[in-house]
Amino acid sequence: MKKKMIRLLLAATLTVSTLLTGCGDSAASQVVIYSNADDEAVTAMKNALDGNGYEGKYIIQTFGTSELGGKLLAEGKDIEADMVTMSSFYLDSAQKTNQMFRDLTFTSNALDTYPSFYTPITAQEGAIILNTQMMQDNNLPAPTSIKDLANPEYAGYLSVTDVKSSSTAWLLIQALISAYGEDETKTILTGIYKNAGDHIEESGSGPLKKVRAGEVAVGFGLRHQAVADKAAGLPVDYVDPAEGNFTLTESVAVIDKGDKSNQMAMDMAECIIKNGRKELLETYPIPVYEGETAPAGAASGNPQKFSEPLTAELLKKHQELSEECK
Amino acid sequence: MKKSKNIELKIIFIGILLFFLTFFLLPLLSVIQKSVVDSEGVTLSHFAEVLQGGSFLQALGNSLLISAFSAVVTTVLAFILAYSIQYTNMNGTLKKFIRTATILPMFLPTITYGFAIIYSFGKEGLLTKLFGRQLFHLYGFNGLLLGYVIYTLPISFMLLQNTMHYIDKKFTVVSRIMGDSVIRCFFTSVVRPMLGTFAASFIQCFFLCFTDFGIPASVGGKFEVVAGVLYNEMLGSIPDFNNGAVVAIIMLLPSVVSITMLKILEKYNIRYNKVSEIELKKSKLRDMGFSVLSIVILTCILSVFAVIFVIPFVEEWPYRTTFTMAHIRQVLSDSALLSVYGNSIYVSILTAVIGSAVVYGAALITARSTLSVKCKQIIEGIALVTNTIPGMVLGIAFMLSFKGTPIQNGFIIIIVCNLVHFFSTPYLMMKSSLEKMNVSWETTARLMGDSWFKTIVRVVTPNAYTTILEIFSYYFVNAMVTISAIIFIAGAKTMVITTKIKELQYYNKFNDVFVLSLLILLTNIVVKGMIQFLANRKSNNKTKKEES
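Residues numbered from 1 in each chain as written. Chains lettered and ligands numbered in written order. Predicted model: local features only at pLDDT ≥ 70, side-chain atom pairs only at ≥ 80, totals over all residues. Heavy atoms only, no water.

Let's shift gears to the packing of aromatic side chains. Residues and elements named next belong to chain B. Tallied over the entire structure, the rule returns 35 aromatic pairs over all chains. Measuring from centroid to centroid gives 5.0 Å for F206 and F207, while their planes differ by 85 degrees, and the two rings are edge-to-face. On the basis of relative accessibility, which here comes to 9%, the residue F206 falls in the buried class. Its relative accessible area of 2% is what places F207 among the buried residues. K169 extends its terminal NZ or CZ atom over the ring of Y87, reaching a point 5.6 Å from the ring centre. (Phe/Tyr/Trp six-rings, centres within 6.5 Å; stacked < 30°, edge-to-face > 60°. Buried < 20%, exposed > 50% of the residue type's maximum accessible area, 1.4 Å probe, protein only. Lys NZ or Arg CZ within 6 Å of the ring centre and 35° of its normal.)

All names here are of chain B. All chains considered together, the criterion is met by 7 cavities of 30 Å³ or more. The computed volume of the second largest cavity comes to approximately 150 Å³. Lining the second largest cavity we find 13 residues, and of these G196, T197, A200, N269 and K431 sit closest to its centre. Contributions of two or more residues to the lining of the second largest cavity are made by α10 (182–211), α13 (241–266) and α20 (424–436). Looking at the lining of the second largest cavity element by element, the count peaks at 4 residues for α20. Among the residues making up the lining of the second largest cavity, the classes are represented as 5 nonpolar, 4 polar and 4 charged. (1 Å grid on protein atoms, 1.4 Å probe; cavity = no way out; pocket = protein on both sides within 12 Å on 5 of 7 lines; lining within 4 Å. Points joined across faces, edges and corners; volume = space filled by probe spheres on them. Helix = DSSP H or I, 4+ residues; strand = E, 2+ residues; numbered from the N terminus. Nonpolar A, V, L, I, M, F, W, Y, C, P; charged D, E, K, R; others polar.)

With that settled, the discussion passes to a nonpolar patch on the surface. All names here are of chain B. Among the surface-exposed residues, I14, L18, L21, L25, L29 and I32 lie close enough to one another that they form a single nonpolar patch of about 510 Å² accessible area. Locating I14 in the fold gives a position in helix α2 (residues 7–36). You can call I14 partly exposed: its relative accessible area is 49%. (Patch = residues over 30% accessible without salt bridge, like charges linked within 9 Å, V, L, I, M, F, W, Y side chains within 5 Å. Areas by Shrake-Rupley, 256 points an atom, 1.4 Å probe, with all protein chains shown as cover. Salt bridge = Lys/Arg side-chain N within 4 Å of Asp/Glu carboxyl O.)

The next thing to look at is the pairing of strand β7 (residues 218–222) of chain A. Residue and element names in this part refer to chain A. Taking burial as the measure, the 5 residues of β7 include 5 buried ones, the bulk of the element. By the bridge criterion, 5 bridges tie strand β4 (residues 118–131) to β7 in an arrangement that is antiparallel. When the bridges of β7 are listed, A127 appears paired with G221. (Pairing = 2+ DSSP bridges.)

Let us now look at the nonpolar core. Core analysis: the largest hydrophobic core is formed by 256 residues, its most contacted members being F101 of chain A together with F423 and L434 of chain B. Both of domain 1 (30–122 + 249–283) and domain 2 (124–247 + 306–324) of chain A provide at least three residues apiece to this core. Apart from residues lying up to four places away in sequence, F101 of chain A is in contact with L72, V84, L91, A94, Q95, F117, A253, V254, I255 and D256 of chain A. One finds Y58, A110, L280 and I286 of chain A within the second-largest nonpolar core, a separate group that totals 31 residues. (Core = buried A, V, L, I, M, F, W, Y, C linked by side-chain atoms within 4.5 Å. Domains from an automatic or database assignment. Contact = heavy atoms within 4.5 Å.)

All names here are of chain B. Inspection of the secondary structure assignment puts T455 in helix α22 (residues 452–481). Among the polar contacts made by the side chain of T455, one reaches the main-chain carbonyl oxygen of S451 at a distance of 2.7 Å. Among all residues touching T455, those that are not within four sequence positions of it are W441, E442, A445, D450 and V460. (Polar contact = N/O pair within 3.5 Å; in protein donor to acceptor, adjacent residues only side chain to side chain.)

What follows deals with the interface of chain B and chain A. Counting residues at the interface gives 57 residues for chain B, matched by 64 residues for chain A. Both faces considered, chain B and chain A share a buried interface measuring about 5,400 Å² in area, 55% of it formed by carbon and sulfur atoms. For chain B, the biggest contributors to the area lost against chain A are S237, Y319 and N508 of chain B; these three give 13% of the whole. Scanning the region where chain B abuts chain A turns up 20 residue pairs in polar contact (both at pLDDT 80 or more). (Buried area = accessible area lost by both parts, 1.4 Å probe.)

Residue and element names in this part refer to chain A. You can read the domains of chain A as domain 1 (30–122 + 249–283) and domain 2 (124–247 + 306–324). Between domain 1 and domain 2, the C-alpha centre-to-centre distance is 28 Å. The interface is formed by 9 residues belonging to domain 1 together with 11 residues belonging to domain 2. For the pair domain 1 and domain 2, the summed buried area comes to about 790 Å², and 46% of that belongs to carbon and sulfur atoms. Per-residue buried area on domain 1 facing domain 2 is highest for D38, F89 and T283; these three make up 51% of the total on that side. The shortest N-O distance in the salt bridge between K96 and E313 comes to 3.0 Å. Our enumeration of links across domain 1 and domain 2 arrives at 5 residue pairs in polar contact (both at pLDDT 80 or more).

Glancing now at the pattern of salt bridges. Summed over the entire model, instances satisfying the criterion amount to 25 salt bridges over all chains. A salt bridge links K257 of chain A to D82 of chain A; the shortest N-O distance between them is 3.6 Å. Of this pair, K257 of chain A sits in the loop between β9 (245–254) and α10 (263–283) while D82 of chain A sits in the loop between α4 (65–75) and β3 (83–87); the two residues are 175 residues apart in sequence, bridging distant segments of the chain. Looking at D82 of chain A, the relative accessible area reads 9%, which means it is buried. R184 of chain B is paired through a salt bridge with D180 of chain B; the nearest N and O atoms lie 3.4 Å apart.

Residues and elements named next belong to chain A. Even without being glycine, Q99 reaches a positive phi, approximately 45 degrees. Topologically, Q99 is positioned in the loop between α5 (88–98) and β4. Phi at N139 takes a positive value of approximately 50 degrees, unusual for a residue other than glycine. Structurally, N139 can be placed in the loop between α6 (132–137) and β5 (158–161).

Residue and element names in this part refer to chain B. Confidence in the prediction of chain B, expressed as mean pLDDT, is 88, and 98% of residues score 70 or more. Looking across chain B, the model is least confident in helix α1 (residues 2–5), with a mean pLDDT of 48, and most confident in helix α19 (residues 411–421), with 97. Across the interface, the model reports ipTM at 0.87; the global pTM reads 0.90. (pLDDT = per-residue confidence, 0-100.)

In structure tokens:
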């Protein structure tokens, strides 16, 4: 029995030591990409990379925005990834705390100016989402603006996201502040939160989930997700609000690992921007670079841009405004 | 003499201590450090900021209330189910069904719970449609209670049923012969020996509810809980680890109370020389009553999960309900799936093997050693505090502590994290079963000339065999379904199947989420079945030996 135990112990030690050392060599050759992007964007990036000779030379691992945000902040330069794609203002914060990204070595001719260490892969828009069946069953008038969502007839039928937990809600707040100023925004937002009641969601995809499940009739979320649902034949529709479809960008950045930096990561980042944008535009129809146009029929009704740069500080200010309205 | 007697246990103790110092205290310290440090040095400003944050105290109060209430409800329900199995003569098949069905929810990732509740009791829910109306207001207290009870019932049931199994049923007979009334007999021979376990069950359930984020995220509504505040601070749109750490540390406070509570109840624990099987008194009424109660409880729980078996097989619930195998085919054709599934199995098996060994060692120290009270208290403390750390915090703490080390992004860190995360419940099960065994076995064996090691192998282990198998499967199943901590520490090559589920959840692909959930469920049932088979074979052998 004792012998058996010793053998077991030996086997265990052996397994552990292989586990510890096993993953050294192969990891160095492959570029690890961490991304918070949706399926469609990941596919577009994969197509761009595979079509340009990088097939099998990278691994993409996707995360939720909040988890990836946590990883960037906690691990800094020690992160496994060589390259990330992520909501831009998270990249700003991560760079500020950890100084973890390299300056990009390629030019991209973006329409806007961005920091030297990232460049956008997509611009994502906010829109009002409807469950057409629920709207009909409950005789609800279709809203045309975000302001409409504060009307009492939508009480109990509305779901929005909390800007404290997800930046998707920021698109709604940006729209309101741009159109009505901060004071009136507070009044409208108070009405919206009152109507949403139990359905103020933590996750950006929460409202769409509730709309799909038939728990609510109206939600506010990412436009491209509603477009996809409608195309898939669900009783889901979307409204481009009168205040405008505001946007947040997701960008690509390359981790600075000093001597251990994988040069191929920078090349792949360039490849995604140079070769992936065409396919990305089909799902996220907002031109970001010179010479781009939205595919016919896909463009949103009313694209708008917030007047100030979208920094973490601005977000914090808007969070505080939102907390006052709860 | 006394010194040499405990040498093996001392080595085990030191090993366990080192393990938890490295993989629990160190990460915990990194969290504590975050809570009191800013760019200028040591500060209490994060505490001030969080406590002045208006809704924090309200959320904390809400959490204490709902968690305590859920823990009581769960423990009572679990007691009814466990009592039905151990103290009634109800039909054997029914007993088997109770045993399996009660722990079924544990085989599924908790990510599915909130969604299952909405798709059962929501406006378009399966049960709402069956009954023609919404049964109750779903969001807030009711929804949380339902979710928490389903979530914690398996654990409470396992704890209670495990202890009850080791209670000598003859005491019931003795009590009755001595002329005790039915009620008095029930209290002296069943409730009293169970007091410690009741407290353990209450505490386990309380903290599971207190620290869970998934269920409130789905059905919490306006009823804000502290886990939601934690999430907003740690992983919200502006992640702030300092404030998050403050919330996490305040969440540890209730565990201090619980350590005291368990200590007080310690003295009620009773040891038995042997566990004797007796013929229970015949009572049709009792058997019928408990059968009906058990069936009602389980029907309520299983009906919530019915949607998980329906949704993957229809086109688009609830709008197009034609049967299809497309979702199943689509998910299973994903080439990456096989490798993450393989990773999951690998991680779960290693977690179960190493975990069972660690738990067994730890329980031997507290339940069957003469090591000092201090040593025992340390282990008890570890067991309770590991249970009070939300998975999210554990994951982030592991990232902070082990970044840049060779174990980062490897399998070993996932396995170790699982060991720590799920240490508490199996430890309590193991401890209470070892405690119920006669304390003098080791001494007797020593007098007969056996070494301590031999006694453990020949006498104690065979008697604890069922529990060891239970804790093995507990670790396996939990490693299979867990997500909250490992999402942060799994690397691109060590991703497990639940991280895939999390991805799909972000894209609202619930058809696919449920397909994978079913795959996990199936795996867990198969493993559990295999373990059950082993347990039965063992007990058959035992009876055969005794007969010959």
